[in-house]
Amino acid sequence: MNDQEKAAVAAFAGLFGPPPEPPAAPAPPVDWEAVEEWLGLPLPADYKAVATAYGPLDIGERLWLHTPFAGDAELFDYGRFVEEGRRDAPGVLPFGATRMADTLYWDTTASDDPDRWPVVVHVQDLANAGKDPWLRPGTTLLPTLAGFVADGLRPVLARSGLAGGGPSAWTPPPRRPEPTPEQRAALAAGTGLGTLTALIPPPADPYLGEQSWEWLHERLGTRLPTEYVRLMETYGGGEWCQWLRFSVPLGTGHYDLAGTEEWYGDAYRGLRANHPQYHPLAVWPEPGGFLPFADTVDGDQLCWLTEGDTPDDWPLIVIPRHADQGPPLTGTLTETLLAWLRGELRTEGLPGLVRPHEDPLDVIDFDPYGPADD
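Quick caveat, the model's predicted, so the values are computed rather than measured.

Q: Now, about the nonpolar core: what can you tell me, with residues and values included?
A: Within the largest apolar cluster, 46 residues are counted, with the highest numbers of intra-cluster contacts made by Y228, W240, L244, F246, F293, W340 and L341. Ignoring anything within four residues of it in the chain, the contact list for Y228 reads W213, F246, S247, P249, L257, F293, W304 and L333. In terms of nonpolar packing, the next biggest core, distinct from the first, is built from 36 residues, A8, V9, W38 and L93 among them.

Q: Tell me about the pattern of salt bridges, residues and numbers included.
A: Applying the stated criterion across every chain yields a total of 11 salt bridges. R184 serves as the salt-bridge partner of D359, at 2.6 Å between the closest nitrogen and oxygen. Taken together, the positions of D359 in the loop between α12 (333-342) and β13 (366-368) and R184 in helix α7 (residues 181-188) put the pair 175 residues apart, joining distant regions of the chain. In this structure D359 comes out as partly exposed when scored by relative accessible area, which is 22%. D295 is the partner of R245 in a salt bridge, and the nearest nitrogen-oxygen pair spans 3.0 Å. Here the residue R245 occupies a position in strand β9 (residues 244-246), and D295 occupies one in strand β10 (residues 290-296), the gap between them amounting to 50 residues. A residue is classified by how much of its surface remains accessible, and R245, at 26% relative accessible area, is partly exposed. Taking relative accessible area as the criterion, D295 reaches 18% and is therefore assigned buried. The network of salt bridges with common partners includes D266, R269, R272 and E286.

Q: An account of the packing of aromatic side chains is requested, with residue identities and associated values reported.
A: Scanning the entire structure with this criterion turns up 23 aromatic pairs. Taken together, a centroid distance of 4.9 Å and an interplanar angle of 65° make the contact between F12 and Y54 edge-to-face. Taken together, the residues F12 in helix α1 (residues 3-16) and Y54 in helix α3 (residues 45-54) connect sequence positions 42 residues apart. Taken together through their ring pairs, the aromatic side chains of W213, Y228, F246, F293, W304 and W314 make up a single cluster.

Criteria and cut-off values
- Residues numbered from 1 in each chain as written.
- Predicted model: local features only at pLDDT ≥ 70, side-chain atom pairs only at ≥ 80, totals over all residues.
- Heavy atoms only, no water.
- Core = buried A, V, L, I, M, F, W, Y, C linked by side-chain atoms within 4.5 Å.
- Buried < 20%, exposed > 50% of the residue type's maximum accessible area, 1.4 Å probe, protein only.
- Contact = heavy atoms within 4.5 Å.
- Salt bridge = Lys/Arg side-chain N within 4 Å of Asp/Glu carboxyl O.
- Helix = DSSP H or I, 4+ residues; strand = E, 2+ residues; numbered from the N terminus.
- Phe/Tyr/Trp six-rings, centres within 6.5 Å; stacked < 30°, edge-to-face > 60°.

See below:
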């Protein structure tokens, strides 16, 4: 540890106390070269020195200083925290958070020298009130923490519970492949399943579950749209963009397609009986009733309305969890997926994915399910 790093640790210790002594568990090791290569940026020396000495920290009883670590509890992932935080605005890099859902960042655009990056804070309460959510203390990490203490942050330090039973070294995930020309072309134009597979290549071995389509049709009491069957045989069950989850179609689990159709249909009927003004739809096998086949992480349901001469005529509809029921969608399933991925469709339950400063191909993806998820 050089003099600058020793000074940083001493300054931090002056605010919050020294690093824990043995027999306490040592701080998890960090491969800073690998972390910085993954980030594409160097990190401030004071942050690296404190993280090396202390590990992940819960400081002041309401502020977390996040450092690269892995934990058995899987309650926190440093890589996802950084990737989600960098989506908030161009040129910021997150390093901490509060129990009030505020996030601490460095403004990496302010200097080519990371040791001069000022801290900026995204305050969730201001964002909720429609105000400018960004506070700009104008100071680097340690002076900012000292300012928090001066403003009333209780200077208590403890090893972070986010790490679970024992934090260990964090390994950067593989880099996302560079978009291909075919993906760029499919993002700009085209229709049909061929365009969708060019935009987001499907898994080599899509997982549909252990049963057959005949089993599913018999259990549901109906065949399903041909387009859906083709889509499932191409991609299988999985999660689109960490938001839209297509149930495993041929599985027998509670959250697979047949199980979801049964329990969600029963739940909706109960809600409709008590609050028909908010739950106006018929439920399969009622005439024209909805039949769910996908949901969102927020509990919205993507369904068919079983109207028309054949299943291929069924329109789509979203049943939003936090809004009044809207009308059916106008496109086919593949058209709807493409429009949503391209940012051309925004409806309750299927919000926009991409922020103005982002490249859509850095955000949109498909994470397939496997037998362990069934």
